[in-house]
Amino acid sequence: MRIAIVGPTYPYKGGGAAHTTELAHRLAAAGHDVVIESWRAQYPSFLYPGRQTADSPDGEPYPRSFRRLDWRRPDGWVECGRRLRTADLVILAVLSPVQVPPYLGILYGLRRRTRVVALCHNVLPHERKPYDAPLMRALLRRVDGVLAHSEAQAALARELAPAPVTVARMAPHLPARAVKRPEPIGARGRLLFFGLVRPYKGLDLLIRALPEGISLRVAGEFWGGLEETEALVAELGLTDRVELRPGYVAAEDVPALFEDVDALVLPYRSGTASQQVWLGHEQGVPVIATRVGTLGEHVTDGVDGLLVEPGSVEALREALARFYQPGEPERLRAGVKAVDPEPYWAAYVEALVSGGPGGPGGPGGPGGSAGPAAGR
């Protein structure tokens, strides 16, 4: 098939860009003719308070990537749609409702000449604005199918629009391999919170639940709230035990964050699909997570980590106390296994191109036989 993925890729950073890039590689490896239509300017700065791009890629960049889209140029959106009319499948990577206006421009340019699937990382954001649902409804009513990463997200999509919805579990797209750590290793008395810091991820709960004598490293870009976090740490008298490392962490710097920690802690208040448990396990550490989204699916409670109910400082404090019972950190670390991404990606690619959302795929699907990819 001739497939075009519209979404972020390097030099854009974060999970969405990593997923778009890995998906392109996987589809190409499966024999499809794939291009990425990406951005030279994705969001206005006031909508994304952090740094949007990275100096080095999280993985191998996809070579046939074109950075022509610009949020300031609606004419470019329509032109992109016209270019993609010869594709067999167009995949719109949806990370935020603010992408909807450009995607509607692309759909206008396509004029329904090819099958379009909205690949929704989140159907609606964790922290919602009044315009989010109307925008997503406008998009999902105009595509041929929707791919969601969980049944809960699929249900949201079905509430918004009648387009066929397929569920495929998000496949691993891990940015860095683990470094070999010396064995045996005892408990270090240090926990890690890693990733983009947003209110729904519950960092404040973890700081309040931190056991006596245990330290915490917080590494990641703060999407607002850094001053409030610093104030909370000071108020609780934890300045000497909570290490704040605000800012984006490049892929090559990720393994060093895990070298001297006992566990990765994910105290999310809510969640959908996440790579974070896999990331922790890939780096060889157990994960303490709340039962939200896919976090509860990726942790085997009592084997390679612990699970706790969300939103409760007391429940989290009890889980951390359980974790630090004598011998427990070592036992749980021994239960951690490396992640095998191949079965996940095989199922994911199959869901997109063969009988997935919006109709059958393959060479006999909409758009005709294989040939040069659109967008060259």
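In the block above lies the structure referred to throughout.
About the criteria used
- Going along each chain's sequence as written, the residues are numbered from 1 onward.
- Local features in this predicted model are restricted to residues whose pLDDT is 70 or higher, and side-chain atom pairs enter the listing and the counts only when it is 80 or higher, whereas totals over whole chains, interfaces and linings include all residues.
- Side-chain metrics rest on all non-hydrogen atoms present in the structure, leaving aside hydrogens and water.
- Note on method: axes are straight lines fitted to C-alpha atoms, helices fitted across the in-contact stretch only, with angles between N-to-C directions ranging 0 to 180 degrees.
- By the criteria applied, helices consist of DSSP H or I runs no shorter than four residues and strands consist of E runs no shorter than two, each listed in order from the N terminus.
- We call two directions roughly parallel when the angle between them is under 35 degrees, roughly antiparallel when it is over 145, roughly perpendicular when it lies between 65 and 115, and oblique otherwise.
- We call a crossing left-handed when the near helix sits turned anticlockwise from the far one by less than a right angle, and right-handed when that turn is clockwise.
- By the convention used here, residues are in contact when the closest approach between their heavy atoms is within 4.5 Å.
- Charged means Asp, Glu, Lys or Arg here, nonpolar means Ala, Val, Leu, Ile, Met, Phe, Trp, Tyr, Cys or Pro, and polar covers whatever is left, Gly included.
- Basic side-chain nitrogens of Lys or Arg form a salt bridge, by our definition, when they fall within 4 Å of a carboxyl oxygen of Asp or Glu.
- We call a residue buried when its accessible area falls under 20% of the maximum for its residue type, exposed when it is over 50%, and partly exposed in between, using a 1.4 Å probe and counting protein chains only.
- Picture the helix axis, draw a direction to every C-beta atom, and the arc is the one those directions span.
- Here the rule is simple: two strands pair whenever DSSP picks up at least two bridges between them.
- By the criterion used throughout, a crossover qualifies as right-handed when its path from the first strand across the helix to the second strand runs clockwise, the strands pointing away from the viewer.
- Nitrogen and oxygen atoms within 3.5 Å of one another constitute a polar contact, given that in protein one can donate a hydrogen and the other can accept it, and given that sequence-neighbouring residues count only through two side-chain atoms.

Peer 1: What's the story with the packing of helix H2 (residues 74-83) against helix H3 (residues 100-110) in this structure? I'm lost.
Peer 2: Between H2 and H3, the least distance of the axes is 6 Å, while the angle of their chain directions is 45°. One element, H2, and the other, H3, form an angle in the oblique class. Pair H2 / H3 crosses with right-handed handedness. Along the contact surface, H2 presents Trp-77, Val-78, Cys-80, Gly-81 and Arg-82, while H3 presents Pro-101, Pro-102, Gly-105, Ile-106, Tyr-108, Gly-109 and Leu-110. Counted by class, the contact of H2 with H3 contains 8 nonpolar, 3 polar and 1 charged residues.

Peer 1: Which parts of the structure should I look at to understand the pattern of salt bridges?
Peer 2: Oppositely charged side chains are able to pair whenever their charged atoms sit close together. Under the criterion given, the structure shown has 23 salt bridges. In this structure, Arg-64 and Asp-33 form a salt bridge, with 2.7 Å as the shortest nitrogen-oxygen distance. Within this pair, whereas Arg-64 is found in the loop between strand S2 (33-41) and strand S3 (65-70), its partner Asp-33 is found in strand S2, the two being separated by 31 residues in sequence. Among the residues examined, Arg-64 registers a relative accessible area of 23% and is labelled partly exposed. Here Asp-33 falls in the buried class, since its relative accessible area comes to 16%. Two residues, Glu-309 and Arg-291, come together in a salt bridge whose shortest N-O distance is 2.9 Å. Remark: Arg-291 occurs in the loop between strand S12 (287-290) and helix H10 (295-298) and Glu-309 occurs in the loop between strand S13 (305-308) and helix H11 (313-323); sequence separation between them is 18 residues. On the basis of relative accessible area, Glu-309 is assigned to the partly exposed category, the value being 46%. Arg-291 sits in the partly exposed class, given a relative accessible area of 42%. Within this structure, Arg-190, Arg-217, Glu-243, Arg-245 and Asp-260 form a network of salt bridges that share partners.

Peer 1: Help me understand H2 in this model?
Peer 2: Since there are 3.6 residues in each turn of an α-helix, residues three or four apart along the chain are aligned in direction. For H2, the set of buried residues is Trp-77, Val-78, Cys-80 and Gly-81. The buried residues of H2 occupy an angular sector of 155° when the element is viewed end-on, so they sit on one face. Buried residues along H2 sit in contact with S2, S3 and H3.

Peer 1: In this structure, what is going on with the pairing of S2? I would like to understand it.
Peer 2: The side chains of a regular strand alternate, residue by residue, between the two faces of the sheet. Summarising burial for S2: 8 of the 9 residues are buried, a large majority. Across 5 bridges, the pairing between strand S1 (residues 2-6) and S2 is parallel. The residue of S2 that forms the bridge with Ile-5 is Ile-36. A crossover connection joins S1 to the parallel S2 through helix H1 (residues 15-29); in handedness this β-α-β unit is right-handed. Relative to S3, S2 is paired through 5 bridges, and the arrangement is parallel. Note that in S3 the partner of Trp-39 across the bridge is Leu-69.

Peer 1: Would you take a moment to explain the environment of Leu-107 for this structure?
Peer 2: The topology assignment puts Leu-107 in helix H3. Along the primary structure Leu-107 and Leu-92 are separated by 15 residues, whereas in three dimensions their C-alpha atoms are 9.9 Å apart. Apart from residues no more than four positions distant in its own chain, Leu-107 is found in contact with Leu-92, Arg-112, Val-116, Leu-139, Arg-142 and Val-143.

Peer 1: Where do I start with the environment of Ser-274 in this structure?
Peer 2: Here Ser-274 is to be found in the loop between strand S11 (263-266) and helix H9 (276-282). Along the chain, Ser-274 and Leu-295 lie 21 residues apart, while their C-alpha atoms are 6.8 Å from each other. From its side chain, Ser-274 meets the backbone nitrogen of Gln-276 in a polar contact 3.1 Å long.

Note that every value here comes from positions in space, so none of it alone points to a role or purpose.
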